[in-house]
Amino acid sequence: MKITNKIFILSLIFFAILYTVCTIFFNKSFTAGVLCGYMIAALNFFMLSRKITSAFEGKIFGALAFNTQIRLLGTGVAVWAAYEYLRVSMIGILVGISVVPLSILPVAIHHYRAETDDTSDGCGGSA
């Protein structure tokens, strides 16, 4: 399984737990903000991973020419539109956006340990 898929699956698990807790304990504006923030971050991560993959395949100009600015502008517009038109909590949006970056580190550590331990599951020991 590709590492980007692992990151996406782990972030989806974290999001499901977070969304359930927010639904129980917080108001609807905050919960909707978490949902919007996660959707924005997941789309941004998906677009970034596709462009980085194409850059490593030799399509440097197409991957880097306008992608960074367009993604940043699109993310900013999506956050502004969610806050302005959907009337969701800005703190909720920021919490939702932070789910994907926070799930990158555990996957990276697991991937690194799996490579250094010479195992495919990352649990250590000999296979």
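The preceding data block contains the structure.
Residues numbered from 1 in each chain as written. Predicted model: local features only at pLDDT ≥ 70, side-chain atom pairs only at ≥ 80, totals over all residues. Heavy atoms only, no water.

Q: Describe the overall build of the protein, and please don't skip the residues or the numbers.
A: Along the protein, the regular secondary structure elements total six helices and zero strands. Along its sequence from the N terminus, the protein presents helices and strands in the succession α-α-α-α-α-α. Taking all 127 residues of the protein together, 28% fall into the buried category. Relative to all contacts within the protein whose residues are 6 or more apart in sequence, the contacts with residues 24 or more apart total 66%. Total accessible area on the protein stands at roughly 8600 Å², and carbon and sulfur atoms take up 72% of it. (Helix = DSSP H or I, 4+ residues; strand = E, 2+ residues; numbered from the N terminus. Buried < 20%, exposed > 50% of the residue type's maximum accessible area, 1.4 Å probe, protein only. Contact = heavy atoms within 4.5 Å. Areas by Shrake-Rupley, 256 points an atom, 1.4 Å probe, with all protein chains shown as cover.)

Q: Break down the environment of T20 for me, with residues and values.
A: Within the secondary structure layout, T20 lies in helix α1 (residues 3-25). Among the polar contacts made by the side chain of T20, one reaches the main-chain carbonyl oxygen of A16 at a distance of 2.7 Å. (Polar contact = N/O pair within 3.5 Å; in protein donor to acceptor, adjacent residues only side chain to side chain.)

Q: Please provide a residue-by-residue account of the nonpolar core, values included.
A: Listed in full, the twelve residues of the largest apolar core are I7, F15, C22, F30, V34, Y38, A41, A42, F45, V99, V100 and V107. Within the residue set of this core, elements represented by two or more residues are α1, α2 (28-56) and α6 (99-116). With six residues, α2 is the single largest residue contributor to this core. Not counting residues within four places of it along the chain, the set of residues in contact with V34 comprises F15, L18, C22, G92, I93, V95 and G96. (Core = buried A, V, L, I, M, F, W, Y, C linked by side-chain atoms within 4.5 Å.)

Q: Explain the packing of aromatic side chains residue by residue, including any values.
A: Taken as a whole, this structure holds four aromatic pairs when the rule is applied. On the numbers, 5.4 Å between centres and 80° between planes, the contact of W80 with Y85 is edge-to-face. For Y85, a relative accessible area of 60% translates into the label exposed. Linked through ring pairs, F15, Y19 and Y38 together constitute an aromatic cluster. (Phe/Tyr/Trp six-rings, centres within 6.5 Å; stacked < 30°, edge-to-face > 60°.)

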